[in-house]
Each structure stands twice: as structure tokens, then as C-alpha cells.
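Coordinate analysis (summary)
Letter by letter, the chains look like this.
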Amino acid sequence: MFRKILIANRGEIAVRLIRACRDLGISPVAVYSEADRQALHVRLADEAYFIGDSPASQSYLVGEKIIDAARKSGAEAIHPGYGFLSEREWFARAVEEAGLTFIGPSPASIELMGDKVNAREAAVKAGAPIVPGTTQPLMDFGDAQKVAGEIGYPVMLKAAAGGGGKGMRIVQSHEEMNAAFSMASEEARSAFGDPSVYIEKYIERPRHIEIQVLADKYGNVIHLGERECSIQRRHQKVIEECPASFNDPELRDRMGRTAVGIARAAGYYSVGTVEFLVDAGKNFYFLEMNTRLQVEHPVTELVTGVDLVREQIKVAAGDKLTILQEDIDWKGSAIECRIYAEDPQRNFLPSPGRITRLRTPAGPGIRDDSGVYEGWDVPIHYDPMISKLAAWGASRDEAISRMKRALGEYFVGGIRTTIPFFKAVLDDDEFNRGEIDTGFIGRFQERQKTGILSDDTLDEPHIAAMIVAASDYARQAASRTQPDAHADRSFSKWKAAGRISRK
Amino acid sequence: MFRKILIANRGEIAVRLIRACRDLGISPVAVYSEADRQALHVRLADEAYFIGDSPASQSYLVGEKIIDAARKSGAEAIHPGYGFLSEREWFARAVEEAGLTFIGPSPASIELMGDKVNAREAAVKAGAPIVPGTTQPLMDFGDAQKVAGEIGYPVMLKAAAGGGGKGMRIVQSHEEMNAAFSMASEEARSAFGDPSVYIEKYIERPRHIEIQVLADKYGNVIHLGERECSIQRRHQKVIEECPASFNDPELRDRMGRTAVGIARAAGYYSVGTVEFLVDAGKNFYFLEMNTRLQVEHPVTELVTGVDLVREQIKVAAGDKLTILQEDIDWKGSAIECRIYAEDPQRNFLPSPGRITRLRTPAGPGIRDDSGVYEGWDVPIHYDPMISKLAAWGASRDEAISRMKRALGEYFVGGIRTTIPFFKAVLDDDEFNRGEIDTGFIGRFQERQKTGILSDDTLDEPHIAAMIVAASDYARQAASRTQPDAHADRSFSKWKAAGRISRK
Amino acid sequence: MKLDIEIGGKIYAAEFAAGNGMARIAIDGKIHEAAISEPEPGIFVVLINERVYSCVIDQTPAGRTEIHVNHDLIPVSVFDRKRFTGGSAGATSHGRASLTAPMPGKVVRIMVKVGDAVAAHQGIMVVEAMKMQNEVQSPKDGTMTEIRVSEGQTVNAGEVLAVID
Amino acid sequence: MKLDIEIGGKIYAAEFAAGNGMARIAIDGKIHEAAISEPEPGIFVVLINERVYSCVIDQTPAGRTEIHVNHDLIPVSVFDRKRFTGGSAGATSHGRASLTAPMPGKVVRIMVKVGDAVAAHQGIMVVEAMKMQNEVQSPKDGTMTEIRVSEGQTVNAGEVLAVID
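An account of the accompanying structure is given in this report. In this text, all values refer to a predicted model and were calculated from it rather than measured experimentally.

Residues and elements named next belong to chain B. Examined against the element boundaries, Lys388 turns out to sit in strand E21 (residues 385-393). Given the relative accessible area of 1%, Lys388 is considered buried. A polar side-chain atom of Lys388 sits 2.6 Å from the main-chain carbonyl oxygen of Val295. In this view, Lys388 contacts Glu12, Val295, His297, Pro298, Glu336, Cys337, Arg367, Asp368 and Asp369; residues no more than four positions away in its chain are not counted.

Once that is clear, we can look at the interface of chain A and chain C. Counting residues at the interface gives 61 residues for chain A, matched by 70 residues for chain C. Summed over both partners, the interface of chain A with chain C comes to about 5700 Å²; 64% of that surface belongs to carbon and sulfur atoms. Counting across the interface, chain A meets chain C through seven salt bridges. For the interface between chain A and chain C, the tally reads 15 residue pairs in polar contact (both at pLDDT 80 or more). Ranked by the residues each element gives to the side of chain A that touches chain C, the list is headed by helix H16 (residues 460-481) of chain A, at 18 residues. Partitioning the side of chain A that touches chain C into residue classes produces 31 nonpolar, 11 polar and 19 charged.

Before going further, it helps to spend a moment on the packing of helix H7 (residues 141-151) of chain A against helix H8 (residues 177-192) of chain A. Residue and element names in this part refer to chain A. At a minimum axis separation of 9 Å, H7 and H8 run at an interaxial angle of 120°. Viewed along their axes, H7 and H8 adopt a mutual orientation that is oblique. As for the relative orientation of H7 and H8, their crossing is right-handed in sense. Along its contact with H7, which presents Phe141, Ala144, Gln145 and Ala148, the element H8 presents Met177, Asn178 and Phe181. For the contact of H7 with H8, the residue count by class is five nonpolar, two polar and no charged.

Rolled over the atoms, a probe with the dimensions of a water molecule shows which regions are left empty. Within the structure shown, the criterion is met by six cavities of 30 Å³ or more. By volume, the largest cavity is sized at about 490 Å³. Taken together, 27 residues make up the lining of the largest cavity; nearest its centre are Leu302, Gly365 and Trp392 of chain A together with Leu302 and Trp392 of chain B. Elements represented by at least two residues in the lining of the largest cavity include exactly helix H10 (297-304) and strand E19 (366-370) of chain A together with helix H10 (297-304) and strand E19 (366-370) of chain B. Here the residues of the lining of the largest cavity sort into 12 nonpolar, five polar and 10 charged.

With an omega of -5°, the peptide bond running from Tyr153 of chain A to Pro154 of chain A counts as cis. Note on placement: Pro154 of chain A falls in the loop between H7 and strand E6 (155-159). The linkage connecting Cys242 of chain B with the following residue, Pro243 of chain B, adopts the cis geometry, with an omega of -5°. Within the secondary structure layout, Pro243 of chain B lies in the loop between strand E11 (236-242) and helix H9 (249-265). The phi angle at Asn20 of chain D is positive, at roughly 60°, despite the residue not being glycine. Mapped onto the elements, Asn20 of chain D comes out in the loop between strand E2 (10-19) and strand E3 (22-27). Residue Asn20 of chain D is classed as partly exposed on the basis of its relative accessible area of 47%. The phi angle at Asp28 of chain D is positive, at roughly 50°, despite the residue not being glycine.

What follows is about the packing of aromatic side chains. What the rule picks out here adds up to 26 aromatic pairs over all chains. Aromatic pair Phe421 of chain A and Phe444 of chain A: ring centres 5.7 Å apart, planes at 80°, arrangement edge-to-face. Remark: Phe444 of chain A occurs in helix H15 (residues 440-451) and Phe421 of chain A occurs in helix H13 (residues 419-426); sequence separation between them is 23 residues. For the pair Phe421 of chain A and Phe444 of chain A, one class covers both residues: buried. Through pairs of rings, three or more aromatic residues link up here, namely Phe348, Phe421, Phe422, Phe431, Phe440 and Phe444 of chain A. Sitting over the face of the ring of Phe431 of chain A, Arg396 of chain A holds its NZ or CZ atom 4.8 Å from the ring centroid. Over the ring of Phe50 of chain B we find Arg37 of chain B; its NZ or CZ atom is 4.5 Å from the centre of that ring.

Rules used in this analysis
- Residues numbered from 1 in each chain as written.
- Chains lettered and ligands numbered in written order.
- Predicted model: local features only at pLDDT ≥ 70, side-chain atom pairs only at ≥ 80, totals over all residues.
- Heavy atoms only, no water.
- Helix = DSSP H or I, 4+ residues; strand = E, 2+ residues; numbered from the N terminus.
- Buried < 20%, exposed > 50% of the residue type's maximum accessible area, 1.4 Å probe, protein only.
- Polar contact = N/O pair within 3.5 Å; in protein donor to acceptor, adjacent residues only side chain to side chain.
- Contact = heavy atoms within 4.5 Å.
- Buried area = accessible area lost by both parts, 1.4 Å probe.
- Salt bridge = Lys/Arg side-chain N within 4 Å of Asp/Glu carboxyl O.
- Nonpolar A, V, L, I, M, F, W, Y, C, P; charged D, E, K, R; others polar.
- Axes fitted to C-alpha atoms, helices over the stretch in contact; angles between N-to-C directions.
- Parallel < 35°, antiparallel > 145°, perpendicular 65-115°, else oblique.
- Left-handed = near helix turned anticlockwise from the far one by under 90°.
- 1 Å grid on protein atoms, 1.4 Å probe; cavity = no way out; pocket = protein on both sides within 12 Å on 5 of 7 lines; lining within 4 Å.
- Points joined across faces, edges and corners; volume = space filled by probe spheres on them.
- Phe/Tyr/Trp six-rings, centres within 6.5 Å; stacked < 30°, edge-to-face > 60°.
- Lys NZ or Arg CZ within 6 Å of the ring centre and 35° of its normal.

Here's what the structure looks like:
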């Protein structure tokens, strides 16, 4: 086993990886950019190396600097997390050439499966059904218009190198293609350093369901079942579940065996995710394979009890899988909400800035994988996700109830987050019935609009708000006239004197 | 199902019960004493009723005030938690007479099983083996000396009305009996309002293992396996595990069936715990039954996936058990550390006071059931437990690793806690091998004493401490000479200017 | 203390008194009483008829004071009656329109030049934050008279990016 | 800045300088350099040779400053060399002994009266906190000359309860 691992990432996933290292008795080494000097992952690591200016292109995407830091620290392995360099074949190769272990699949597997275009070809060879579309990156928007004309609108543009909704665009018509194509390639370049995009037929109201696979270097491949990731806005997942809300063990088995077949065909080892679209008739189509740890891995961990990061590190160290397919059982139900620094009331506009207050939820069934702390300035340079909140329950209903409770306890001050949005989604009937597809959020937002009622009466929460506002105002007025009387916690004096008379 | 439940408790268990209410869509009502005006359980409830002065005897132990608050609030049921009034038969009866539901067993069951002396008689009738001793409260210390002489020293004095180590004393000889008897009865009176104590043979190096039972009002009784609670200091549990470290399903089955038999004989419903001593030969002896929710219930919840508080509330509402014995399976391993406001370096002396800082752990496998927040003054009046930290892992080793990681993340400033003590215990070889009995802590403390080495060299943590101390000193010196220059976060200026030059 | 309190777009005349852990507010002649305490700085527990309201006073990065009651944001502002001047007169545009940054971020592309004619909803520039690109569009037909930022520049939320006449 | 720093019972002469996110300390002629920042008030991140030390400066209820490094308590005190007077001379007892409260709590029982002869390790009173009773014992043979508390009284940690001559 490794003694020291360098974590080539930031935010919540760096914290998650640091925790996995601690659980295995491995010393975690962090890297950080200018904007992340005081980041949580730096504070929790044993060592921390500065790797450059704030934009990822000058720090977290510079493989050379990261390998250099690994060498200096004496780390034997590099964990890339997700995003950044996690699916760059050249980086995996450079790590191995530097005599270090890349904690992920082989460079050859990344090359084959990490590129969406090659992956589709490989999946077809492995017998998996696919959605019609190109298997080659498009040259320009004219090329895109030509292909789209053949397979018929609507179509989807996707980054060849990426995932997570970046560089992804639905195109409804010939006319929209020009603008959409340039936005998609620019986002792809900005997010992954590669502007290539490809195209595929857009299937309406599909479920987005993925299979988690786990494989060692000796050809043992298992799957850990599905995750339902249909709840997306801007093609980015925001809520994930395990099992899928239709909870169909027979479908799980069929999809699982297909995913294992694809992984096997790619000579795959490490953790990986095979993504499918599932239509209303439960037909599934291979979408792509993510050759890395997935953001939403916690829901699988909660339901199977398998620590995916631990297994991934062990496999990288050359251990054989000790878990067989028949050891995997799925108990209860888990759900994850991605807490983003975004304003749900302003169309999910990014909301970076200082977190003035942070109260995180806890208690039965709750797991909070956070990358921030009170007082932290969420930078403009990186992904807006500040935390992943997950809830487990013996049933889907129990998981939802616990998630609602946890969202109620969660408070983030100073910036806007998606917490209020999730509260509303979890109260939604369609959601509770499990009627989920990738169009859910759009329909949900329509329902929300019609549901808003303006109410003129002052109820008790309003009275409470008025009392607090007036108290604050009075305190400030007092401190203007008597500056010395203004203590940090001057209301505590009330407490001291505060024998509240009651009947 | 109830719409509103009054929670007749405080601290972490009140918070736990509030969360259970939220999960069931029930409105939680809190009660609070003078010292608890700003307590976390008050802040998290929907309603909060003041019930008197700080000493429990004037607030949390006054049944009348609590029933009064329940009436005013319109609650249909009262949950007593553990401790306080949870095992007082008269209180359960008064609640029912007030037309409310007591969330616990029937008054008759409490009377029969809650009193340790009656319980032993009942257990014997149900065929359970018991430890030799009295079945009647002792009159005075002379009486105690007489009985102890018959069964042979060492003996154990125990509060007839209580649990949790209060009013418990090992007596090694005739001479110690006088002092021990009066301390034990006084503690019993102070903790439970009843000075009665009884006596039993003290079995050396036993394991303290208990079985969780769950029963409805229709005669359905199941058990949820054992908890290992041998790690005790001052006869109070501090670390609990599920399963027991020897993990013996056959023994679990035998003890489980015995516990179910005892519960059935007592006409028991609700959750309850049957405690046993287990000797080296895996013979078990009935100790007592706790007719309430147990402090350490989370480890059972983590391993079985059953929410015990939810089941308890449902049973109280008249629901039939939907879980059968064969539905219960035990997955992985869980461990709980009770975080006490006590100073482990000063023989666990109570350490009440202001919590100046609080950083709680999170991430995979971690559950923190806390009753406090940063800024809270831990009162002198109540139990010193501020939180229960639990970790789940696929194996006992994984659970221990995760617990160690979580303890490393946990920081409580301003007061002393048992966190450093737990870190040392979890690093102990005997503990890791599972060589546990109720004498573990004593032996562990002896090992610790011999292991302390004085080290004269300044290593990097010492240098870091010196730098921080010097920086703080310099800042204070600067603010004395230039008061205006002293901002709240003046070191942040360093950050702003802080481009640290690196090679 | 006489105050005007704006909540939900309506302004209420209020009379407020506090002390000894209690607060009293009269609104439209109706008196509301509450126990109030501040367990953590800026966090208040308000008890009205034994019902618990956890209130947080918070400052946004833009400097605006916000109050959350049981974690729901309630927009409320207080004016001293003596000082209240009757609503802040936001200067109206009179045909001129400013383009402002919708969020903190970086200007990654400017698609027009000063002097260009622009149409309503035409994309003027793209601001990127947190890997998301947002197109800032013209609110009206007109002429680009001023561009105050350049490509690559970091901007704050609300900062004026350009002016259209 | 020249300082004397006491750590682990030993006093070190140190020279300290800080600024621009860096700190430098010379101890016994050896220079240590660190990057230092304060992400939260009172919480410092100190990087020495890229190794991370999370340091918390904390104030105990008794008012003592404490430093925790990676959550382990490290007892350290700083004296300005100019002001340092050479160790606080804790007044020795000269045969008199004070009994102090070992923790905040309530006096629940006093077992002796003024004038009583007491023996070393004899129980003098019982202080209760958090449902735990602690017997306060006499440190020596002697006579109880003063009892400063009464049964039922609340006491702070370190408060003098009684004096034995």
C-alpha cells in the first residue's frame, strides 16, 4: 500500500480523498492555487504544495507542476479526483513515466473510453445499444448542421473530452447551430482544455441512469448497481439516487452486465461509470463511460456499504478485488443533493463570495461531503459545487424525509445556494412519485411559477423578522450615539437580564 | 400517527428526537429549564415551553410541569428520551391519565422491569441466568455488609431505580462498605430521586453486552442483536459497538431469544434493552432491563438500518411492527464514542463552560449526534455528554479507522472533552484486537502511564506553536500601541499581501 | 421607537420596544410580544406564543442586510420615521441603458464595438464565473456608446460593463 | 522582536519577525521559516517546509490562552524579554493549605466544622457537577481554620473552599 498520495484536485473531492487516505493510514498531500491558499483541503492535508495562479489552466490543469509537487513530497501515487486532469490520457501517462502510480485506469483505457467518440465505437463492438449520432469530433458548425440534418433535430452537442454538462447544448433547429456550436466548444476548451465536440440524437424524456463498475488489474470486474441521475439543470446533475426510483433488480442486472462487458472489453481497471439513457420502455442506450471517480459516488457507497475510493486506491496499489459480484447487496435507498453556490431565484446564476455563516446538518442517515468552511471565500474560478449532501433511508420515502430534514438544518449565509431549490423539489409530487426524467426540472419550474401566491397578511414569521430587524436597527442606533456601548454580542446582555416572565 | 410530540428531555437526545419527529412529519415541542434557555434543542423545535429552574429536580424531573406544557401545546404524546423521567412508572401513568400517549412501555412494564430488583425476579421466572445477589433493596450498610459476606467480596452496589453508572460502586472489602453505601445512595437519590440500592456478586473481566428489543402492542417482539458496551469508566459506558468484537451470530441468536423471552414475559412494548454480563466462556447472565431508548442506540441503527426512534414512535401510535425477525440483518460494524465535557487528563473531572469553538467531523461513515453549538455554555447541572460520535464501516477495522479520522477532525475549544482519550484508546492494540471487558479502561490507563516519554527536542509542531504564540503576542503588543490598527482579523492583511515566495 | 418597516413590498408603521429579553412591536395598533435572545452573534431566537423562530441576520457580499426566519429569506428593511424620506429615487434611464454584470466573474468575450448599432436581446458580451458562461444582452435597440471593460477583466456583481444610448 | 517562549517546561530565547504571510523565528541560533495565514479568526495555518500545521488559539473559561496544533494541545507561553521578570513566584504555603474546587459545581456536603482536626486524605466536602460527586480531600494533617462556602453554594473551578492550618 502507498504511504503517501498526492491529491491533484481541490474542493469537496479533495477533502473526500484526504479522508479516504486517513482511513487507510496514508499521508495525504494537497496542491493549491493562489485562490485556494486557505482552502479547506489545504488545511486538512499533511503537506500542501503551491502550484500557480488561480485559473485552473495555470494550476490544477498543469500536469508538470503537479508531478513536480508529487516528486518533492515523496508521494508514490497521484489521485486526480474528477474533472481537471482526471480523464486526460497524457497526464496518466506522464504520471506513470515519472515512476508514480496514477490512481485511475490505464492511459490506454482512458484513451479508448475517456474520449466519448472512441467509447461509442468500443461499446458498439461490445454489443451495447447506442443513441444515433457521430462517432467523430465535428470539424465546424457546418459539419454539425450536416450531421444534424441526417439524424434529425433535436440533437445534442457534447464535449468529446469532458462531462458534467460543460460544453453541452441541445440544438432544436438548423438556425441555432452556429451560436450553440461556438458556445459548446468554448466551454469545452475552458473546462477541459480541448474544444472538440460531437453530436447525437436527443431522446426526449429519457432517464439518465449510470452503472458503477469496479475492476482490478487482474481482469476481475464487478458492478455496484445503478444511480438515477435524471434530475439535471443545464445538463448538469443536481440530484442523484441509488437505486433508481423504479427500483428494478432485473434491469439493474441487465445494465450491470452490459457495463461490465464494456469495461472488460476496454481492459478497464479502477472505478468507472457507464452512463446510459433509459427510455419509458426501459430500453437503455450507452451514452459514455466516465473513466474516473464520479461526483455522485456517495449514494452507491451508502446503499452497498462499499467505500469506492478505498477500493480504487487498493486496486491502484495492485491489490486484487476482495469483493465478488455476489457480495454486493443493495440495502435501502440513498439520495444526494449537490449544494451549489448558485442563485436558484436568478436562473442558477453563479454566486461566489464569502460564506459568512455555515451550519451543516447531521444526525441519522445524513452524510455531508463539504469543501468549504465559515469565512471561506468561494472563488469565481472553479466549479460552483460547495458540498454534496446525501441521505440514506431504509426506503426511498425515508431517504427523502431525512434529506428534507437535513436541508432544513443546512444554512449558508453570505452567498446564494441551491438549498431552497432542493427543498421545493423534495416537496414536489412528481418527484415523490419517482416520475423522473431529464426534463423534470423544466416541468418543475413551470409548476413552481403557477404555484406562487402573493399573500398580504402578516404572519408570525414576518413578525419575527420585523422584531429582529427592529432590534438590529435599535442596536445600531444605540451604537451610533454611544459607541462604547456597542459590544460584539450586546444582545447577550438581554440574556443575562432576561428572566422572561411567563404565566 | 401523532401530529405533535412533546419531548421531555434536553441535550443530544432531545435533538435526536426532534430529528425523528421531522422525519415523520410530526411537529416537535421542546421544554427547557433556566440554564437551557438558549439550548440547541430549543432552537430546533417548533415550540418551546419554559418549565423551571436549572436543577433537574425543579424542571426536567417535574412531571406535572411537563404534562402541563404538553396540554398547552396540544401535543398528543410525550417522549421522555433516556434518563430523567423515562423510567418512572408514575410519570408514564400520569401521562396516560392526562389523556396523552407515553412513548415507551406500559406503566406496568416499567414497574416490573424498570425496577432492577423486580426485573431480576421476572428474568429468573423467564428462565434467564442471573448473577448472585439480593433481589431486594438494602436497608442500610450493615444489611449490605451481611449480604456481601454471604456471596463474597468483591460485590457491586447498584441504584435500584437507575442506570448509566450513577449510584454504582464496587466494594472490595467489609471496611469500604460504609462509605461506599452512603455515596451510592446519595448519587442514586440525586440522579433518580430514589436512594434504594441493591447488591450483586462482581464478576471479574466480564463483557457488558446488551440486546436491543422492539415490540408492538399486539405481542410481536423482535430483537436487533447485541451491543458491546464493555468499555466503561466509573461504570459508565464510553465506547459501544455493534456487533460485539467477537461477532458470534450463534451467541447473538441465543441471547436475542432470551431477551425476547424476558420482554414477552413482561408484556413489553416499545424499544427496550436487556443487559447481560458475558464471561470468558461466553456464558451470559441477565443484569437488568432498560425500559427506554438507550443512549447507544445509533450503533444498532447503523448496522441494521432500522431507525429505532421512528419504530418506537410508530409503536406508541398503535402501529403493528412491519419488520419481522427474519428481516433484520447485520451489515458491517459500528462504533460510538461518547464525547463528554470531562478532562481525561484529570481523571475525567467534569468540564462545564463555554464552547468557544466547535468543528464537527463529517464524510463517509460518520454520524454525529450533538446537542451543542459554538458559543453554548455547557451547564453544570446535567449529564456531561455533549455529543455521540458514531462511525460505520464494512468491517470493524474500517469502522475504527473512520472513527479515528473523525476524532482527528473533531475540535472542541474552551472546555476539555474525552476526544483525546478516545484517540488513544483507538490506537491501543488490545482494543484493536477486540480484547475488551469492563476492566479495559483501568488496564489501558496503566499502559498509558508507562508509555509516556518526555522528549526535549523541539519538533515542527512545537515550532508551529511557538510561531503562532509569538504572532499572537506581537499582534496584541501592536494593538496596545496602536489601538485603531487592531482589526478583528488583522492577520488577514497578511493574506492580502501574502504572496509567499517559493522556489 | 417609531419605525417604518418594509416587508413584502408594503411599508408598516411600527412602534418597537425591547429589553430584558423581551421585545414588543405594535403594528397597525396590534401588539405582538416576543421573547428574544441571541445565542450566537447575529443569530436570534424569537419566541412568539411559545413558537420558535430561529432568525439569522446576515450581510451579503454586496453589503445588504438580510433576515432569514427558520432559514427562509424574508426581505425586510427598517427606516427611522424621522429620517425616512419616502423611497429611494432610483434615477430612471431616460433612453440610456447600462449593462451590468449579473454576477462576479471574468469578461471572456466582447462581441460589439463602440459605435455599433445593437438590437434588443442581442448578445453584447460573455461573462464567465465558475466555469459557466453568461451572455449579457442588450435591454433595447440603440447604439453602443461606452464599453467600460476589456476581455480578461474581472468584474463584480452589478458593475457597469457598457452603456447603450 | 526578542521574546522568551516557554514550551514543555523549558524557556527558549527567540527572535521573531513576521509580515507578508511569512514568519521567521530564530531559536538557539537556528532559523525556522513558515508561511502563516488565518483563514478563520484565531485559526492559523502554518506551513513549514510544505508541512501543514493547523493551529488554534483558544481561551479557556479560566482565561488562559492555549494553542492546539493539529488538535493536540501544546502548552506554550510568551514573555517579552524586556518585561520578563524571571518566573512567577507562586506563594508557598508555609504550613497553611487551601482547599480549592477542582471544577465548577455545587457544594453538596461539608463533612467537617471549623476547629476540627483533619487528617491527610480525609474527605472535607463533596462538590457535585454534571451529576458527578467529587470528594475534596485534605492535603495534610492539620486543623480546619476557615470554611468559605456553604452547602448548596455554586463554586467556580479553583475557588478556595476552605483553609487548613
